[in-house]
Amino acid sequence: MSASTAMACTRILWNTNGVLTVAGRTMDWAESTEPKLHVFPRGMHRDGGRVGPIDIGDKNPLTWTSRYGSVVVSAYGLASVDGLNEKGLAMHLLFLTATDYGPRNPEKAGLQAGLWGQYLLDNAASVEEALQRMKDVQPIMVEHAGFKSSLHLAIEDASGDSAIIEYVDGQPKIYHGSEHQVVTNDPPYDQQLLELKKWDFANATRQTPLPGNVNPIDRFVRAHYFLKTLRKPEGEREAIATTLSLARNASVPFNAPYKTPGTIYDTEYRTVANLDARRFFFELTTSPNVIWVNLEDLDLSSGSPALTLDPDDIHLSGNVNKDFTPVAEPPF
């Protein structure tokens, strides 16, 4: 993703409702990211020094075998940008223009940034463990079809713990704690928090001024505001619907003007993860149906086939566990 473009995404974590932990995100982009859903079993061998079939030539690439199964959404068949593992850890990659992974440190294993989230889903059961895993790893900027992987990462687990990980000015910046519920793509997260302090929503009503455009700061403030107004859900159905409602409110309508005249970053899809029940919901904006995957009902044992599903099918609705098909060669 080049510096002149940006995934105008929003991540929302609802970990304060006292019933279950749910996290949602929007994926906003200037063209189709060709999203596919994949189910990956344990025991998969991965190479962080490759972008699809291409070896990036790193001298110390990170390689690993997955400890946990996961369901993910891919972009361009080359990266996992959103997903949930069988332990209840979820991840979301969002664009950040200021991303700078720094000079390559050969003492750390290199990981092409498009597999950053997948590495953590494969190997970590919690946010705390994921952060420990990152200490000896360095994401590497890669490029595909003119797009660079200028990304920051949001992760959360079933306990409600959360972290935002960014690389700015060549250094990792980590914001760890359950209070970090909302993040958008730009600017860096510390600046997003400063912007939020400009707003006072005490005793708010429908007459209270609220930012309403589609730029990242407006979406960040708006999602924070509505998140604070939520009442306790009666169960999963209400919690998922509520989180989707916030994600829809933070979405970019089709053809909405964006950074410069003539540019658009429509919301392509939305996801919501029930971290307690290991259920992953997906809503393609060109389809009227919400679909979901029950990880606990799938065979994730080592040696089981990887599965894939194209969500761009008007006939898909509800539980799609049985609609996945095995693949001989996983995309990554």
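Here the structure is shown first, and the text comes after it.
Since the model is a prediction, treat every value here as computed from it, not as a measurement.

### Let's talk about the overall build of the protein
Alright, step 1. When helices and strands are tallied, the protein shows 5 helices and 24 strands.
Alright, step 2. By the compact-globule yardstick of 20 Å for 332 residues, the protein fits well, its C-alpha radius of gyration being 19 Å.
Alright, step 3. Summarising its shape, the C-alpha atoms of the protein cover approximately 55 × 45 × 40 Å along the three principal directions.
Alright, step 4. Of all 332 residues assigned to the protein, the portion counted as buried reaches 57%.
Alright, step 5. Partitioning the intrachain contacts of the protein with sequence separation of at least 6 by distance along the chain shows that 68% fall at a separation of at least 24.
Alright, step 6. Working note: accessible area of the protein is about 13900 Å², and carbon and sulfur atoms make up 51% of it.

### Considerations on the sheet that holds strand β1 (residues 10-14)
Alright, step 1. Read across the open sheet, the 7 strands follow the order β18-β1-β2-β19-β20-β21-β23; overall the sheet is mixed. In this open sheet, the two strands that pair with only one neighbour each are β18 (182-184) and β23 (318-319).
Alright, step 2. Where strand β2 (residues 22-28) and strand β19 (residues 267-274) come together, 7 bridges link them in antiparallel fashion. Each bridged residue has a counterpart across the sheet, and for Thr26 the counterpart in β19 is Arg270.
Alright, step 3. Sitting on the sheet, helix α4 (residues 216-228) is in contact with β1, β2 and β18, with an inclination near 165° to β18.

### Topic: unusual backbone geometry
Alright, step 1. Cis geometry marks the peptide bond from Asp186 to Pro187; its omega dihedral reads -10°.
Alright, step 2. Positionally, Pro187 belongs in the loop between β18 and α3 (189-196).
Alright, step 3. Here Tyr76, not a glycine, exhibits a phi torsion of approximately 55°, which is positive.
Alright, step 4. Within the secondary structure, Tyr76 sits in the loop between β8 (70-75) and β9 (79-85).

### Brief notes about helix α1 (residues 116-123)
Alright, step 1. Buried residues dominate α1, accounting for 8 of its 8 residues.
Alright, step 2. Listed in full, the buried residues belonging to α1 are Trp116, Gly117, Gln118, Tyr119, Leu120, Leu121, Asp122 and Asn123.

### Focus on a negative patch on the surface
Alright, step 1. Taken together, the side chains of Asp310, Asp312, Asp313 and Asp323 present a region of like negative charge at the surface.
Alright, step 2. The topology assignment puts Asp313 in the loop between β22 (306-309) and β23.
Alright, step 3. Accessibility expressed as a relative area gives 30% for Asp313, which makes it partly exposed.

### Concerning the pairing of strand β11 (residues 109-112)
Alright, step 1. Along β11, one buried face is formed by Ala109 and Leu111 and the opposite face, lined by Gly110 and Gln112, is buried too.
Alright, step 2. Pairing between β11 and strand β12 (residues 137-140): 4 bridges, direction parallel. Counted as the bridge partner of Ala109 is Val137 from β12.

### Remarks on the sheet that holds strand β24 (residues 325-327)
Alright, step 1. Strand order across the open sheet formed by 9 strands is β17-β16-β15-β10-β9-β8-β3-β22-β24, with antiparallel pairing between neighbours. Two strands bound the open sheet, and with one partner strand each, they are β17 (171-176) and β24. Within this sheet the neighbouring strands show an average axis-to-axis angle of 25°, counted without direction.
Alright, step 2. Examined bridge by bridge, strand β15 (residues 151-156) and strand β16 (residues 162-168) share 4 bridges and lie antiparallel to one another.

### Comments concerning the pattern of salt bridges
Alright, step 1. Under the counting rule described, the total for this entry stands at 11 salt bridges.
Alright, step 2. Of the charged contacts, one joins Arg11 and Glu156 as a salt bridge, the two residues approaching to 2.7 Å between their closest N and O atoms. Of this pair, Arg11 sits in strand β1 while Glu156 sits in strand β15, and the two are 145 residues apart along the sequence. No difference in accessibility class separates Arg11 from Glu156, as the two residues are buried.
Alright, step 3. When the shortest N-O distance is used, the salt bridge between Asp58 and Arg104 registers 2.7 Å. You can see Asp58 sitting in the loop between β6 (54-55) and β7 (63-65) and its partner Arg104 sitting in the loop between β10 (90-95) and β11, a full 46 residues away along the chain.
Alright, step 4. Arg104 gets classed as partly exposed once you look at its relative accessible area, which sits at 30%.
Alright, step 5. Several salt bridges share partner residues, and in doing so they unite Arg248, Arg270 and Glu283 into one network.

Calculation rules
Residues numbered from 1 in each chain as written. Predicted model: local features only at pLDDT ≥ 70, side-chain atom pairs only at ≥ 80, totals over all residues. Heavy atoms only, no water. Helix = DSSP H or I, 4+ residues; strand = E, 2+ residues; numbered from the N terminus. Rg over C-alpha atoms; globule rule 2.2 N^0.38 Å. Buried < 20%, exposed > 50% of the residue type's maximum accessible area, 1.4 Å probe, protein only. Contact = heavy atoms within 4.5 Å. Areas by Shrake-Rupley, 256 points an atom, 1.4 Å probe, with all protein chains shown as cover. Pairing = 2+ DSSP bridges. Axes fitted to C-alpha atoms, helices over the stretch in contact; angles between N-to-C directions. Patch = residues over 30% accessible without salt bridge, like charges linked within 9 Å, V, L, I, M, F, W, Y side chains within 5 Å. Salt bridge = Lys/Arg side-chain N within 4 Å of Asp/Glu carboxyl O. Lys, Arg positive; Asp, Glu negative; His and termini not counted. Charge placed at Lys NZ, Arg CZ, Asp CG, Glu CD.

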